[in-house]
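Remarks on the overall topology
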Amino acid sequence: MSLDLTLSREDIVRLCERVEGAQRRAYAIPKLTDEYPAMTIADGYAVQAELRRRYLASGSRLVGWKAGLTSKAKMQQMGVHVPSIGFLMDDMWRPENSAIKTSDMVHPRVECEVAFVTNKTLKGPNCTRQDVLDATDYVLPAVEIIDSRFSGFKFDLPSVVADNGSSARYVAGGRARYPADIDLRTLGVVMEKNGEIIAMGASAAVLGHPAEAIAMLVNILTEQGEELAAGSFVMSGGITEAIPVKPGDSIVARFQELGSVSMRFVE
Ligand code: 0L1
Ligand code: MG
């Protein structure tokens, strides 16, 4: 992947500072490719790696990773052709049933995901769905709150990757299960907003099987010279479409076999 780098070290740091400012102070910025039209996905990951380095240096702790853009519907909606990955820090986590502030986000949206907690190190290349299942301690239901920092949702894959896959907050809860005890491919999910069903789906929407998305994530990490550490919390990608939320909204995500995850949004 490093062969596809077009940005200089100075450009990477400059773009990282731009994204970090938008993330920390919640304002929208134009997509990065407006200024750097030749920017590649590898450039996006170089900016993301710099962002991770800065968050770690400022005291955040890496909890795990997320796969994004893992459903055909979402790829079509966003006009991209491959999934993405992003990092998850401890300070992005929010407790189940909590009130989540929207004033420190740009335009938050929620999506239902299956999360995996690993108990063995995973690395590629050629990491498979079975390797992931063999290294999974348990799975649990989760809601990701994504927040693209790009104005008017106008972006492309290099820009989204640099923005850490729009990662903002995540909530996990419900009931933890061993993967061998359930069929992870056919889990039904219903999302309610303010008591009304607003989205529904089945876990096969995520690359045919959520563990497939984790294998993809491990293979991308490996291309970047990294591995997925044992004990990681990993989100496998949205089963449902992303639904916008505003102060006053409450969300309940009901997962077959895994229970439900709730939260509400405040100013
Ligand atoms: O979690 C994800 O699927 C990443 C979505 C990135 C694009 C967006 O902000 O919708
Ligand atoms: Mg997601």
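The following paragraphs examine the structure supplied in this document. (Residues numbered from 1 in each chain as written. Chains lettered and ligands numbered in written order. Predicted model: local features only at pLDDT ≥ 70, side-chain atom pairs only at ≥ 80, totals over all residues. Heavy atoms only, no water.)

Our focus in this paragraph is the overall build of the chain. When its secondary structure is counted, the chain shows six helices and 12 strands. At 17 Å, the chain has a C-alpha radius of gyration in line with the 18 Å of a compact globule built from 267 residues. Expressed along its principal axes, the backbone C-alpha trace of the chain runs to roughly 50 × 45 × 35 Å. Considering only contacts within the chain whose residues lie at least 6 apart along the sequence, 77% involve residues at least 24 apart. Taken as a whole, the chain presents about 11,000 Å² of accessible surface, with 51% of it coming from carbon and sulfur. On the chain, the mean spot of the 29 positive side-chain charges and the mean spot of the 34 negative ones are 3 Å from each other. (Helix = DSSP H or I, 4+ residues; strand = E, 2+ residues; numbered from the N terminus. Rg over C-alpha atoms; globule rule 2.2 N^0.38 Å. Contact = heavy atoms within 4.5 Å. Areas by Shrake-Rupley, 256 points an atom, 1.4 Å probe, with all protein chains shown as cover. Lys, Arg positive; Asp, Glu negative; His and termini not counted. Charge placed at Lys NZ, Arg CZ, Asp CG, Glu CD.)

Before going further, it helps to examine the environment of Gly64. By secondary structure assignment, the location of Gly64 is in strand S1 (residues 62-68). Its relative accessible area of 1% is what places Gly64 among the buried residues. (Buried < 20%, exposed > 50% of the residue type's maximum accessible area, 1.4 Å probe, protein only.)

Attention shifts here to the coordination of the magnesium ion (ligand 2). At 2.0 Å from the magnesium ion (ligand 2) lie its protein donor atoms, namely Glu111 (OE), Glu113 (OE) and Glu144 (OE). When the donors of the magnesium ion (ligand 2) are listed by position in the chain, the intervening gaps give E-x1-E-x30-E. Of this pair, Glu113 sits in strand S4 (residues 109-118) while Glu144 sits in strand S5 (residues 136-146), and the two are 31 residues apart along the sequence. Look at Glu113 and you get buried, because its relative accessible area is 0%. (Donors = N, O, S within 2.8 Å, 3.2 Å for Na, K, Ca; no water.)

Attention now goes to the site of ligand 1. Around ligand 1, a shell composed of 14 residues is seen, among which Lys66, Leu69, Arg109, Glu111 and Ser166 lie nearest. Side-chain polar atom of Glu111 to an oxygen atom of ligand 1: 2.9 Å apart, as the coordinates give it. Expressed as a share of its isolated accessible area of 310 Å², the protein-covered part of ligand 1 is 100%. Taken together, the elements giving at least two residues each to the shell around ligand 1 come down to S1, helix H3 (72-78), S4 and S5. Taken together, the residues of the shell around ligand 1 break down into five nonpolar, four polar and five charged. (Near = heavy atom within 4 Å. Polar contact = N/O pair within 3.5 Å; in protein donor to acceptor, adjacent residues only side chain to side chain. Nonpolar A, V, L, I, M, F, W, Y, C, P; charged D, E, K, R; others polar.)

Before going further, it helps to spend a moment on the pairing of strand S8 (residues 196-202). Bridge analysis of strand S7 (residues 188-193) against S8 gives six bridges, and the strand direction is antiparallel. In the strand pairing of S8, Met191 is matched with Ala199. Taking the residues between adjacent antiparallel strands as the criterion, S7 and S8 are bridged by two residues, where Asn194 takes a positive phi near 50°. (Pairing = 2+ DSSP bridges.)

Quick look at the pairing of strand S2 (residues 84-89) now. The buried fraction of S2 is high, at six of six residues. Alternating positions in S2 separate into two faces, Ser84, Gly86 and Leu88 on one and Ile85, Phe87 and Met89 on the other, with burial throughout. The sheet contact formed by S1 and S2 spans six bridges and is antiparallel. Residue Gly64 lies in a different strand from S2, and its bridge partner there is Leu88.

Across the sheet, five strands lie side by side as S3-S12-S11-S7-S8; this open sheet has mixed pairing. Single-partner strands in this sheet number two, and they are strand S3 (99-101) and S8. This sheet shows a mean twist of 25° between the axes of neighbouring strands, independent of strand direction. (Axes fitted to C-alpha atoms, helices over the stretch in contact; angles between N-to-C directions.)

Bringing the packing of aromatic side chains into the picture now. Geometry of an aromatic ring pair is reported as the spacing of the ring centres plus the angle between the planes. Under the defined criterion, the tally for this structure stands at four aromatic pairs. Ring centres of Tyr170 and Phe233 lie 5.4 Å apart, and the angle between their planes is 25°; on these two criteria the pair is classed as stacked. Here Phe233 lies in strand S9 (residues 233-235) and Tyr170 lies in strand S6 (residues 167-172), a separation of 63 residues in the sequence. Since its relative accessible area comes to 2%, Tyr170 is described here as buried. Here the aromatic cluster, defined as three or more aromatic residues joined through ring pairs, consists of Tyr55, Trp65 and Phe87. (Phe/Tyr/Trp six-rings, centres within 6.5 Å; stacked < 30°, edge-to-face > 60°.)

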